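If you want the building blocks of each chain, they are given just below.
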Amino acid sequence: DIQMTQSPSSLSASVGDRVTITCRASQDIRSYLAWFQQKPGKAPKSLIYATSSLHSGVPSKFSGSGYGTEFTLTISSLQPEDSATYYCQHYDAYPLTFGGGTKVEIK
Amino acid sequence: EVQLVESGGGLVQPGGSLRLSCAASGFTFSDHYMDWVRQAPGKGLEWVARIRDKTRRYTTEYAASVRGRFSISRDDSERSLFLQMNSLKPDDTAVYYCTTGLRGDETRGSDWGQGTLVTVSS
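Let us look at the structure shown here. Keep in mind that what you see is a predicted model, and the values were worked out from it rather than measured.

### Details of the overall build of chain A
(1) Moving on: Helix and strand counts for chain A come out as 0 helices and 11 strands.
(2) Moving on: Overall, chain A is about 35 × 25 × 25 Å in size when its C-alpha atoms are taken along their principal axes.
(3) Moving on: Taken over 107 residues, chain A has a buried fraction of 49%.
(4) Moving on: Summarising the internal contacts of chain A: among those between residues at least 6 apart in sequence, 57% fall at separations of at least 24.
(5) Moving on: Roughly 4800 Å² of accessible area belongs to chain A as shown, and the carbon and sulfur atoms make up 44% of that amount.
(6) Moving on: Positive and negative side-chain charges of chain A, numbering 9 and 8 respectively, have mean locations separated by a distance of 7 Å.

Listed below in structure tokens is the structure:
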């Protein structure tokens, strides 16, 4: 199975900060990587698919990059509504697997 | 607007069975792979099962943790997805989400339902 490792597991940043979350795959997943945002008590929402394509309706402050085994999600200017847990997921092979999540808090 | 609405969750005893349903609207259901993803209380996300579309003969994939106990199916005429869960264990306790499946040629990210809670306990 492909292991997805996210770092950091949590972070605290100020409004307006640029925030970067890293996701590493245990083997090459090409560009088959998605990112999701989940707020407490709510279902996950899609942010990015195919490493860097923005899901419909997602603001452009979110961006993704990477290829192969190392990927990043960037929030260009953190806002209070971005407080959430973020997950990466690969879909290159079965089983599909998720990273352990990164909890983003506002200072 | 894409909508996925799960139902069928509840409390079940260990060893019991449950059938989850997901009603889809707002997109061409028959064209999409569909997944079930679950989340145990306070834990991360775990992919459970996938069913492909008609062109790929509705073939299925399962996580090792549920293979042989769970069965995913779909009814394209009813725009519905199902998960038959047998021989349930306490570790199967989770919120179960119905999602559109990413497969590499999509033009949008995956969409998710609101989830249905399954509790396996005596």
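Text resumes after the structure shown.
### Remarks on the state of the cysteines
(1) Moving on: By the definition in use, this model includes 2 disulfides over all chains.
(2) Moving on: Across the disulfide from C23 of chain A sits C88 of chain A; the S-S distance is 2.0 Å. With the S-S bond torsion at 70°, the cross-link from C23 of chain A to C88 of chain A turns out right-handed. Taken as a pair, C23 of chain A in strand 3 (residues 19-25) and C88 of chain A in strand 9 (residues 84-90) lie far apart in primary sequence, 65 residues in all.
(3) Moving on: The class for C23 of chain A is buried, based on a relative accessible area of 0%.
(4) Moving on: A sulfur-sulfur distance of 2.1 Å marks the disulfide that ties C22 of chain B to C98 of chain B. For the disulfide bridge between C22 of chain B and C98 of chain B, the dihedral angle about the S-S bond is near -65°, and by the sign convention the bridge is left-handed. Separated by 76 residues along the polypeptide, C22 of chain B in strand 3 (residues 18-25) and C98 of chain B in strand 9 (residues 94-100) bring together distant segments of the chain. C98 of chain B matches C22 of chain B in its accessibility class, with the two residues each being buried.

### A few points about the sheet that holds strand 3 of chain A
Residues and elements named next belong to chain A.
(1) Moving on: Read across the sheet, 4 strands follow the order 1-3-8-7 without closing on themselves; strand pairing throughout is antiparallel. Only two strands of the sheet have a single neighbouring strand rather than two, namely strand 1 (4-7) and strand 7 (62-67). Sheet twist, expressed as the average angle between the axes of neighbouring strands with direction ignored, equals 20°.
(2) Moving on: The pairing of strand 3 with strand 8 (residues 70-75) spans 6 bridges and is classified as antiparallel. If you follow T22 over to strand 8, its bridge partner there is T72.

### Details of empty space enclosed by the protein
(1) Moving on: Taken as a whole, this structure holds 1 cavity of 30 Å³ or more when the rule is applied.
(2) Moving on: Counted as a void, the largest cavity has a volume near 60 Å³.
(3) Moving on: Surrounding the largest cavity, 14 residues form its lining, Q89 of chain A together with D35, T99, T100 and S110 of chain B being those nearest its centre.
(4) Moving on: Contributing elements (two or more residues each) for the lining of the largest cavity: strand 4 (34-39) and strand 9 of chain B.

### As for the interface of chain B and chain A
(1) Moving on: Chain B puts 24 residues into the contact, and the matching count from chain A is 18 residues.
(2) Moving on: Counting the surface lost from both chain B and chain A, the interface buries some 1700 Å², and carbon and sulfur atoms represent 65% of this.
(3) Moving on: Ranking the residues of chain B by area buried against chain A places L45, W47 and L102 of chain B at the top, with a combined share of 34%.
(4) Moving on: At the surface where chain B touches chain A, the tally comes to 0 salt bridges.
(5) Moving on: Contributions of two or more residues to the side of chain B that touches chain A are made by strand 4 and strand 5 (45-51) of chain B.
(6) Moving on: Sorting elements by how many residues they give to the side of chain B that touches chain A places strand 5 of chain B first, with 4 residues.
(7) Moving on: Per-class residue counts for the side of chain B that touches chain A are 6 nonpolar, 8 polar and 10 charged.

Thresholds applied
Residues numbered from 1 in each chain as written. Chains lettered and ligands numbered in written order. Predicted model: local features only at pLDDT ≥ 70, side-chain atom pairs only at ≥ 80, totals over all residues. Heavy atoms only, no water. Helix = DSSP H or I, 4+ residues; strand = E, 2+ residues; numbered from the N terminus. Buried < 20%, exposed > 50% of the residue type's maximum accessible area, 1.4 Å probe, protein only. Contact = heavy atoms within 4.5 Å. Areas by Shrake-Rupley, 256 points an atom, 1.4 Å probe, with all protein chains shown as cover. Lys, Arg positive; Asp, Glu negative; His and termini not counted. Charge placed at Lys NZ, Arg CZ, Asp CG, Glu CD. Disulfide = S-S within 2.5 Å. Pairing = 2+ DSSP bridges. Axes fitted to C-alpha atoms, helices over the stretch in contact; angles between N-to-C directions. 1 Å grid on protein atoms, 1.4 Å probe; cavity = no way out; pocket = protein on both sides within 12 Å on 5 of 7 lines; lining within 4 Å. Points joined across faces, edges and corners; volume = space filled by probe spheres on them. Buried area = accessible area lost by both parts, 1.4 Å probe. Salt bridge = Lys/Arg side-chain N within 4 Å of Asp/Glu carboxyl O. Nonpolar A, V, L, I, M, F, W, Y, C, P; charged D, E, K, R; others polar.

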